[in-house]
Structures are given as structure tokens and as C-alpha cells.
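Chain and residue survey
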Amino acid sequence: MANGKSMTISEMVGMFVSPQAPLRVDAFDGSTFGPESAPLHVKVNNPNAVYQIVEHPNEIGVVRAYILGDFDVEGIDYADPYPVLRSFIDMAPYVRKPTPLDVARVAAAVFSHGFRKAPVPEVEGPSKWQRIKSGLLPHTEKADSETVSYHYDQSNDFYADFLGPSMTYTCAVFENESMSLEDAQANKLRLILDKLGLKPGQRLLDIGCGWGSMVITAARRGIKALGVTLSKEQAAYAQEWIRREGLEDLAEVRVMDYRDVPERDFDGICSIGMMEHVGVKNYKSYFEEMFKLLKPMGRLLNHQITISHGKPNGKPGTDEFLDRYIFPDGDLGTPGFIESCIHDSGFNVVHQENLRQHYALTLHHWNHNLSEHWDDAVKQVGFDRAKVWGLYMAACALNFELDGIQIHQFLAVKPDRVGHPDGKWYPLRPWWKA
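Residues numbered from 1 in each chain as written. Predicted model: local features only at pLDDT ≥ 70, side-chain atom pairs only at ≥ 80, totals over all residues. Heavy atoms only, no water.

**Some thoughts on the nonpolar core**
Stated formally: Working definition of a nonpolar core: buried Ala, Val, Leu, Ile, Met, Phe, Trp, Tyr and Cys residues. They are joined through side-chain atoms within 4.5 Å. Three exposure classes are used, based on accessible area relative to the maximum for each residue type with a 1.4 Å probe and protein chains only: buried under 20%, partly exposed in between, and exposed over 50%. Under the scheme used here, helices are H or I runs from DSSP no shorter than 4 residues and strands are E runs no shorter than 2 residues, and both carry numbers assigned from the N terminus.
Ranked by size, the top nonpolar core spans 106 residues in total, and within it L23, F162, Y169, L204 and W389 carry the most contacts. A per-element tally of this core places helix α17 (residues 383–401) first, with 11 residues. Listed in part, the 25 residues of the second largest apolar core include V228, Y258, I269 and L300.

So, in C-alpha cells, the structure goes:
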């Protein structure tokens, strides 16, 4: 990009980063920044890297440039870029705020070559506004069906590449850091069923049941389990798993919106990793629906990702990268707001716990599995989408570690004020093993 009126890429970098930073940049224009021995070595491969960031000076610009290979990082594992992301976080003390004059100089240098619209990765989905213009209003049944399909109907084999045999796509619960992922996922399913306290012959509804691991686990205990999902791929996998286990008399999975479940009087309901799709503005109505579906003294276990710090005016936590590439229309609320919604829907909240560190460990296992099965993952969904998933999981692991996001389990009971006016709706102390 250098010419008589312009500047080199290294000069641009130098406006934003201190010369003492542990960073090396080699650019397509032949310029360099930082020592050769720096632990973080970035290669800017073409001018599109600059145009992406000028057009979108936020995470979308950086993500597009990364996915398309406009820049690269020496030694990066696309399936597990966590070490590189951690190195970028460690760069924070060396990043400096440019002056308005610096920004103007960079803009002049870029536009001296004419405006160029940078390409968009094929794996990027439409923005929220584009979805609305097409008639997909957030969190309507039609929009939820399409957005859930966008995320989950990739390839069951692709998900198996990183989830492992449990096919459980939510936070595991570890006894210690050396516990295997499979044992930790089994531990999580055991913990949820123990909290719900269901006995053989009682009825469980699993909302957003995924590939069926909870339905299967419950049925093995003799519990009659119904799972609902909006993903046809997930339902087909779960139905085959049920047949393989010979559990047809106890377990069922349907492609169905939770709002359309006709049955009532369930003994227990679990919602595991589902609320991220519901929308913060719909939390209270969601829990009111759960309240109607449960019998008196029935229990609800809600397991969901939360944001650690509330947004101004109670706005939900959203992320443009996740919205376009991973979870369209996904947003998060604070744990206090969620507990209030459960309470205001008529429940007694019995217990809640934060499993933040457990999710970071879970994601590290998933990144490791993706790395181990990288060739098959690329075969299943293509190089760019596999690269996106590696970035997404590593970034989430880092975000959990930095306490930007958390994950909570809320246990609640539906009061029985008529049948049990004494208020003895659950045992005095926790009845489950942690």
C-alpha cells in the first residue's frame, strides 16, 4: 500500500501498537514491525486485510479477514486457536489509542488507492436487519426454526468430531481437571436428573433436547422422557439412538416447537442450553409456559449461558460474530434477571449455581477433539466453516475464563398451594450429590 502519499502496513501497525509489544508483523508490501524473535508472529497476506477492518472496524472485519486468509498467525492451529487468542489478550497493555490525526492519516493512506469493498466469506449468514427484512422476526416460531436449523443442521458427523460419543452440546461438570470429557458429561446429566428427583415411571420433558443424550439417560433410569427440538438432523439421530437402545417404550424425540407441546402435567422439565435461543425479552413468557406444562410440585431445571455484567437499560448481551456465524438471534441475560423471571412466573427458586469454569474446560476438550479430527471436520462442512467453529469455541473458552460470560443452573419448583397448603413442596436440604 505504500506510495508517495501513503504509508506501509508496519507504519499503520505502529500507530496502534507500542514498539515494545511482543509482536512481529510481516506484510505483503515488504514492511515489517517488531523483532523477528517475538512470540506472536502475524502475516498480513494481502490488502483485503486492511479493507476488511476499514469497512468494519470491529470484530466482523477481523473475523472476515481471518476466515478468508487475508492475515494469518504463524503456528496457529485452526481447530484450536486458543493459545493465539490468549497471546492477543496479553497484548492489551501494548495497544495504544491513536490520535484523530493518526486515524485521518491511515484513512487517507487507504483511500488513496480508491475504495474497495472487501469480500464476504460464503459461510457468513445474513445480519439481523437482513433477516428482519426477509420476514424473519426474531424469536417467532418461523425464525426460531430457521435459525436453529442454521446452527444445528450442519452434519451430525461434524458435531461428533468435537463433541465425542456423548453428543452432548452443553457444559460438562468436572470433579477435577483430569476428568475425561465423557465422564464429565455423564456427570452433568446425572446431576440434572438428581436435582429433578424423578423416579421410574415419572414423566420428563426435555426442551431443546439436542441429539438425545438426556432423553436416553432418563429412559435408562425408567423415566418416561419426551424430547423436542427444531432440528431435523438432531431428531433423526436421537430417534435412531432410541431404537438402538431399545427404549421406544420410554423415550421419544419430536421435531416440535416447545410452544406446541400438547401434553401437560410433567413431573420434571429440563431446558439445557436452550435459553440462548429464546431471546431475553421472551424469558418470562418462556418460564410461564414451563409453569403450565408442569404438575404441582413438579420441578424445572434451567441450564444456560449468562452474561456476567448487565447492559444499559437491561438490554441483552449480543455478539455480532456469533449472530452472523454461529447463533442467529442469540442473546444472553444476567443471572439475577433470569432468576427474577423464573420467580415472577410463579416458581419457587430452590437453588442456583455458576459452572463458568466447567464450561471453559468443556470447550478446551471440544477444541482438542476438533484438532484430532480436523480432516474429517473439513470434509463434513468445508475448511472455512470448520475454521469458524474452531475460532468460536476457543473464543468462548477465553471469554469464560475472563468472566465475560458464565453459565448457571437454576432449580425451581411449581408450588402446590391447594394439595399441599403446608408449603412442604421439596426437602429441607439439597437431595442431590454435587
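**A look at the packing of helix α15 (residues 356–372) against α17**
Selection rule: Interaxial angle, 0 to 180 degrees, is taken between N-to-C directions of lines fitted to C-alpha atoms, where a helix line uses only the stretch in contact. With respect to orientation, any angle under 35 degrees is reported as roughly parallel, any angle over 145 as roughly antiparallel, any angle of 65 to 115 as roughly perpendicular, and every other angle as oblique. Here a crossing is taken to be left-handed if its near helix is turned anticlockwise relative to the far helix by less than a right angle, and right-handed if that turn runs clockwise. Any two residues whose heavy atoms approach within 4.5 Å at even a single point are treated as in contact. Residue polarity is assigned by list, with Asp, Glu, Lys and Arg as charged and Ala, Val, Leu, Ile, Met, Phe, Trp, Tyr, Cys and Pro as nonpolar; anything else, Gly included, falls into the polar class.
At their nearest, the axes of α15 and α17 sit 8 Å apart, and the two run at 155° to each other. Regarding the angle of α15 to α17, the classification is roughly antiparallel. Of the two possible hands of crossing, α15 and α17 adopt the one that is left-handed. Of the residues in α17, those touching α15 at R356, Y359, A360, L363, H364, W366, N367 and L370 are A386, W389, G390, M393, A394, C396, A397, F400 and E401. Looking at side-chain class alone, the contact of α15 with α17 contains 12 nonpolar, 3 polar and 2 charged residues.

**Here we look at the packing of aromatic side chains**
For clarity, the threshold we go by: The criterion for an aromatic pair is that two Phe, Tyr or Trp rings (for Trp, the six-membered ring) have centres within 6.5 Å, with stacked assigned to planes under 30 degrees apart, edge-to-face to planes over 60 apart and tilted to the rest. In this analysis the charged atom, NZ for Lys or CZ for Arg, is taken to sit over a ring once it is within 6 Å of the ring centre and within 35 degrees of the ring normal.
Per the stated rule, a full pass over the model turns up 25 aromatic pairs. A ring pair is formed by Y66 and Y78, whose centres lie 6.4 Å apart and whose planes are at 65°; its orientation type is edge-to-face. With Y66 in helix α3 (residues 59–67) and Y78 in the loop between β4 (71–73) and α4 (82–90), this pair connects stretches of sequence that are 12 residues apart. The two residues Y66 and Y78 agree in class, both being buried. When the ring of F162 is compared with that of Y169, the centres are 6.0 Å apart and the planes differ by 70°; the resulting orientation is edge-to-face. This pair shows no difference in class: F162 is buried, exactly as Y169 is. Among the aromatic residues, those joined into a cluster by ring pairs are F158, Y159, F162, Y169, W211, Y359, W366, W389, Y392 and F400. In this structure, K387 packs its charged tip against the face of Y78, placed 4.6 Å from the ring centre.

**Comments concerning the pattern of salt bridges**
Rules: Any Lys or Arg side-chain nitrogen located within 4 Å of an Asp or Glu carboxyl oxygen qualifies as a salt bridge.
Considering all chains together, one arrives at 20 salt bridges under this definition. For R324, the salt bridge goes to E124, with nearest N and O atoms at 2.9 Å. With R324 in helix α13 (residues 320–325) and E124 in the loop between α5 (100–111) and α6 (128–133), the pair connects residues that are 200 residues apart, well separated along the chain. Its relative accessible area of 12% is what places R324 among the buried residues. R324 is paired through a salt bridge with E320; the nearest N and O atoms lie 3.0 Å apart. Note that R324 and E320 are positioned in helix α13 at a spacing of 4 residues, about one turn of the helix.

**Focus: the sheet that holds strand β2 (residues 32–33)**
The line we're drawing: At least two DSSP bridges between two strands are required for those strands to pair.
The 4 strands are arranged β2-β1-β3-β4 in an open sheet whose pairing can be described as mixed. Where the open sheet ends on each side, the last strands, each with one partner, are β2 and β4. Inspection of the sheet shows strand β3 (residues 40–44) paired to β4 by 3 bridges, in the antiparallel sense. Across the sheet, K43 pairs through a bridge with D72, a residue of β4. Taken strand by strand, α4 contacts β3 and β4, and its axis lies near 100° from that of β3.

**So, the sheet that holds strand β9 (residues 294–307)**
What links the strands of a sheet is backbone hydrogen bonding, and the strands pair in either a parallel or an antiparallel sense. With mixed pairing, 7 strands are arranged side by side in an open sheet as β7-β6-β5-β8-β9-β11-β10. Each end of this open sheet is capped by a strand with a single partner; those strands are β7 (251–255) and β10 (348–354). Each strand axis lies, on average, 15° off the axis of its neighbour in the sheet, ignoring direction. Pairing geometry for strand β5 (residues 203–207) and strand β8 (residues 266–272), over 4 bridges, is parallel. When the sheet's bridge partners are listed, I207 is paired in β8 with S271. Seen against the sheet, helix α12 (residues 283–293) touches β5, β8 and β9 and runs at an angle of roughly 150° to β9. Contacts from helix α14 (residues 335–344) reach β9, β10 and β11 (405–413), with the element oriented near 20° to β11.

Read these as layout, nothing more, since geometry by itself doesn't imply function.
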